[in-house]
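Inside the fold
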Amino acid sequence: MPLGEAIGQVLAMPGDADYGAYLATECVMCHQRQAANHAIPVIDGLPREYFVEAMLEYKYRLRDNSVMQAIMVSLGMEELAALAIYFSTKD
């Protein structure tokens, strides 16, 4: 599926924030709010659209990061929608 179509598909899903919170436990192991490593960005509060686009760019290998690419290959569209809604509502 083309990237633009995939983005639209995920953004059309409402996303389950509670499921996103459950899935996020793996994400926040590296993406901490008070990160000592500034190479790993804080993802709390990212706009939903940006989050979805960035994650799908890892999935489609348009962004170069082997760890994120491996994680994104294992996630489905519903899981991505849940994570996007969860992180977009975090302060």
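Residues numbered from 1 in each chain as written. Predicted model: local features only at pLDDT ≥ 70, side-chain atom pairs only at ≥ 80, totals over all residues. Heavy atoms only, no water.

**Section: the environment of Cys27**
Quick note on the threshold: Think of it this way: any DSSP run of H or I at least four residues long counts as a helix, any run of E at least two long counts as a strand, and we number them from the N terminus. In what follows, residue pairs with any heavy atoms lying within 4.5 Å of each other are defined as contacts.
Tracing the backbone shows Cys27 in helix α2 (residues 17–27). Along the chain, Cys27 and Leu83 lie 56 residues apart, while their C-alpha atoms are 9.4 Å from each other. Those residues within four positions of Cys27 in sequence are excluded, and the remaining contacts are Ile43, Leu83 and Phe87.

**Describing helix α3 (residues 48–59)**
To keep things clear, this is the line we draw: Expected helix span is computed as 1.5 Å times (number of residues minus one). Burial classification: accessible surface area is computed with a 1.4 Å probe over protein chains only, and a residue below 20% of its type maximum counts as buried, one above 50% as exposed, and the rest as partly exposed.
End to end, α3 covers 16 Å across twelve residues, agreeing with the expected 16 Å (1.5 Å per residue, within 8%). The complete set of buried residues in α3 reads Arg48, Phe51, Val52, Ala54, Met55, Leu56, Glu57 and Tyr58. The elements touched by buried residues of α3 are α1 (3–12), α4 (66–73) and α5 (77–88). Phi turns positive, to about 60°, at Arg61, one or two residues after α3.

**Considerations on the packing of aromatic side chains**
Note the cut-off: Between the rings of Phe, Tyr and Trp (Trp by its six-membered ring), a pair exists once the centres lie within 6.5 Å; its type follows the angle of the planes, with under 30 degrees stacked, over 60 edge-to-face, and the other angles tilted. For a Lys NZ or an Arg CZ to count as sitting over a ring, it must be within 6 Å of the ring centre and within 35 degrees of the ring normal.
Applying the stated criterion across every chain, the model contains three aromatic pairs. Note on Tyr19 and Tyr22: the rings are 6.4 Å apart at their centroids and 15° apart in plane angle, and the pair reads as stacked. A residue pair is termed a helical-turn pair when its members lie 3 or 4 positions apart in one helix, as Tyr19 and Tyr22 do in helix α2 at three residues. Here Arg63 stacks its cationic end above the ring of Tyr58, 5.6 Å away from the centre of that ring.

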